[in-house]
Amino acid sequence: MLLPKVQNALNQQVQIEANASQKYLAMACWCDANALEGCARFFYRHSDEERMHMLKLVHYINDAGGTVSIPAVELPHSEYQNIRELFEIAYTHEQKVSAAIDNLIELCITEKDKQTANFLQWYLNEQHEEEALYRTLIDRIKLIGIQDRGLYFIDREVDEVNAKKAAAEAAAGK
Ligand code: OFO
């Protein structure tokens, strides 16, 4: 059985993941509208991944005999000055998500809920990978530059990440 404090904190995380999914969906639409198809694919995929993160929490709470509160989602930001700003906002958001996961794990340790702390390790690893990926992509965007044909090369660079992810999923039989 989940402790009420832990259950509340997990439900807050459900909301964070749901908001992230909407945020990335809005980013995907902005990219689509600005002819950045590779970037759009990247964010549509990321939006789906965040929904999966949310569902994983929902199932965990239910399986642990707890009660899930399905949250209302925030209206996502949908205007960006350029693709670099968009990626920087996404990275800042991922850093906030990582801080939320850290706090959640700390709460579980304080409350001696080893099971939930163990479950949350997956999120810790996921955040580590996502932050590293955003840092790399932002570095590339800075190197390439967003002027002239830069956007074309940035879009190709991001689409290579999509191709690698798709290949990894195919290899894993997903
Ligand atoms: Fe990258 O946000 Fe989910 O966990």
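To be clear, the structure that these remarks concern was listed above.
All of the points below concern the structure found in this document. (Residues numbered from 1 in each chain as written. Predicted model: local features only at pLDDT ≥ 70, side-chain atom pairs only at ≥ 80, totals over all residues. Heavy atoms only, no water.)

A few points about the packing of helix H1 (residues 4-33) against helix H4 (residues 114-144)
Cut-off, in case you're wondering: Orientation is described by axes fitted as lines to C-alpha atoms, over the contacting stretch for helices, and by angles from 0 to 180 degrees between their N-to-C directions. Think of it this way: any DSSP run of H or I at least four residues long counts as a helix, any run of E at least two long counts as a strand, and we number them from the N terminus. The scheme is simple: roughly parallel for angles under 35 degrees, roughly antiparallel for over 145, roughly perpendicular for 65 to 115, oblique for anything else. What makes a crossing left-handed is the near helix being turned counterclockwise from the far one by less than a right angle; a clockwise turn instead makes it right-handed. Any pair of residues with heavy atoms lying within 4.5 Å of one another is described as a contacting pair. Side-chain classes follow a simple rule in which Ala, Val, Leu, Ile, Met, Phe, Trp, Tyr, Cys and Pro form the nonpolar group, Asp, Glu, Lys and Arg form the charged group, and the remainder, Gly included, forms the polar group.
Their axes nearest at 14 Å, the elements H1 and H4 cross at an angle of 25 degrees. With respect to their mutual orientation, H1 and H4 come out roughly parallel. Once H1 is placed against H4, the crossing between them reads as left-handed. Counted together, Val6, Leu10, Glu17 and Tyr24 of H1 and Thr116, Leu120, Tyr123 and Tyr134 of H4 form the full contact between these two elements. A breakdown of the residues in the contact of H1 with H4 according to their chemical character gives 6 nonpolar, 1 polar and 1 charged.

Description of empty space enclosed by the protein
Sizing a probe to match a water molecule and rolling it over the atoms shows the empty space that remains. We count it as follows: Lining residues are those with an atom within 4 Å of a point, where the points come from a 1 Å grid over the protein atoms alone and group into cavities, where a 1.4 Å probe fits but cannot get out, or pockets, open sets with protein on both sides within 12 Å along at least five of seven lines. Grid points are joined across faces, edges and corners, and a volume is the space filled by probe spheres set on the points.
On inspection of all chains with the given rule, the structure shows 1 cavity of 30 Å³ or more. The computed volume of the largest cavity comes to approximately 50 Å³. Lining the largest cavity, in full, are Phe42, Arg45, His46, Glu49, Glu130, Leu133, Tyr134 and Lys165. Listed by contribution, the elements that provide at least two residues to the lining of the largest cavity are helix H2 (37-63) and H4. The leading source of residues in the lining of the largest cavity is H2, at 4 residues.

Structural notes on the pattern of salt bridges
Between side chains of opposite charge, pairing is possible as soon as their charged atoms come close. Counted only if it meets this: By salt bridge we mean one thing: a side-chain nitrogen of Lys or Arg within 4 Å of a carboxyl oxygen of Asp or Glu. Buried means the residue's accessible area, taken with a 1.4 Å probe over protein chains only, is under 20% of the maximum for its type, while exposed means over 50%, and partly exposed covers the values in between.
For the coordinates displayed, the defined rule picks out 7 salt bridges. Note that lysine 165 and glutamate 49 form a salt bridge whose closest N and O atoms lie 3.4 Å from each other. With lysine 165 in helix H5 (residues 150-171) and glutamate 49 in helix H2, this pair connects stretches of sequence that are 116 residues apart. Accessibility expressed as a relative area gives 14% for glutamate 49, which makes it buried. Put simply, glutamate 88 and arginine 84 hold a salt bridge, and the shortest N to O gap is 3.2 Å.

What to know about the environment of asparagine 8
Inspection of the secondary structure puts asparagine 8 in helix H1. Note on asparagine 8: relative accessible area 46%, which makes it partly exposed. For asparagine 8 and serine 69, which are 61 residues apart along the polypeptide, the C-alpha to C-alpha distance reads 8.8 Å.

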